[in-house]
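Summary of the model geometry
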Amino acid sequence: MPSVTLYGMKLAAFDFDGTILFEDGIPAHTIDAIHRWQEAGHLAVASTGKSLAAAKFGLTGYDLTFDYSVLFTGAVVADKEDTILHNTYLPTETVQQIIAHMKGIDGIAVYTTRLTGRDACFAYNVPGGSATSILKDSVEMTEEEIPAHKFIGIPMWVPGDDALREELVTWIRANVDVECVVNQDFIDIIPADCTKGSGLYWLANHLGIPRSEVELYTFGDSFNDLSMHEVADESFSFTWSPADVQARTTHVIDGVDAVLDRLR
């Protein structure tokens, strides 16, 4: 059972890529601000499209531990010891249908995420030897291996081609029963009805915190963060966020640390 001190809690939820994690890593001043937030008795929650393995990889070498993690864009919730509290899978036939359709399309890379283990890559059709900083650690996998695994998400990297990204999203929404969100140059496919907002609500219910008893602050730079921004008391996008994302948050900021100290 949760401690009574959880009532009246402040909870801050943080996206990773483009919010606290950048090409050159996580700034030390951001880590210090999150430590001060936690030392004040508040919860810091990771809220990311990353898998558990990718989130752990992204935090390697940093003195930063989140109290809880909403992973796979809301399909999984874990505690600070990485114990899985909640998870939802994509149907195997759905994974097979999407991979079969997407694997031969030029200009994209197709990955899958699993509850445990490294992310898998099914196709890498991005020209010029370019690479993404968001998915840095994966293993190759074939279609024949799909039935032997349980998959939670299908992230697809579609760099520099807005028209192709829109075309793929249209196909996904017309042909398969999944949740589909855009995050920077990625399309994230996850089980139906899973969002970062739904993941945060699941966590609050798990902790036994009535929504009226928690002050929720969300920090996220992209479209897949909108669902958590919509349920927040105050939401924060960034000066580098797309204009449509900025318009749907209560604040537009240029960094986490000063704002988090003010909210503390």
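Only a predicted model underlies this, so the values are computations on that prediction, with no experimental measurement involved.

What follows covers the sheet that holds strand S8 (residues 138-140). Spatial ordering of the open sheet is given by S8-S7-S6-S9-S11-S10, a layout of 6 strands whose pairing is mixed. Two strands in the sheet have a free side with no partner beyond their single neighbour: S8 and strand S10 (178-183). Adjacent strand axes in the sheet meet at a mean angle of 25° when their direction is disregarded. Note: strand S6 (residues 109-114) against strand S7 (residues 119-124), 4 bridges, orientation antiparallel. Of the residues in S7, the one forming a bridge with Val-110 is Ala-123.

Inspection of the secondary structure puts His-35 in helix H1 (residues 28-39). At 2.7 Å, the side chain of His-35 and the backbone oxygen of Asp-63 are in polar contact. Sequence-distant contacts of His-35, defined by excluding residues within four places in its chain, comprise Asp-63 and Leu-64.

Segmenting the chain into domains produces domain 1 (10-87 + 194-263) and domain 2 (92-191). Each partner contributes to the interface: domain 1 provides 21 residues, whereas domain 2 provides 20 residues. At the surface where domain 1 touches domain 2, the tally comes to 0 salt bridges. Between the two partners, domain 1 and domain 2, sit 3 residue pairs in polar contact (both at pLDDT 80 or more). Tallying contributions element by element places helix H2 (residues 52-59) first for the side of domain 1 that touches domain 2, with 4 residues. Looking at the side of domain 1 that touches domain 2 residue by residue, the class counts come to 10 nonpolar, 7 polar and 4 charged.

On to the sheet that holds strand S5 (residues 84-87). Reading across from one edge, S5-S4-S3-S2-S1-S12-S13-S14 is the order of the 8 strands in this open sheet, with mixed pairing throughout. Looking at which strands have only one partner, the edges of the open sheet turn out to be S5 and strand S14 (251-253). The mean angle between the axes of side-by-side strands here comes to 20°, regardless of whether they run parallel or antiparallel. Pairing between strand S1 (residues 10-14) and strand S12 (residues 215-219): 5 bridges, direction parallel. Residue pairing across strands places Lys-10 opposite Glu-215, the latter belonging to S12.

Calculation criteria
Residues numbered from 1 in each chain as written. Predicted model: local features only at pLDDT ≥ 70, side-chain atom pairs only at ≥ 80, totals over all residues. Heavy atoms only, no water. Pairing = 2+ DSSP bridges. Helix = DSSP H or I, 4+ residues; strand = E, 2+ residues; numbered from the N terminus. Axes fitted to C-alpha atoms, helices over the stretch in contact; angles between N-to-C directions. Polar contact = N/O pair within 3.5 Å; in protein donor to acceptor, adjacent residues only side chain to side chain. Contact = heavy atoms within 4.5 Å. Domains from an automatic or database assignment. Salt bridge = Lys/Arg side-chain N within 4 Å of Asp/Glu carboxyl O. Nonpolar A, V, L, I, M, F, W, Y, C, P; charged D, E, K, R; others polar.

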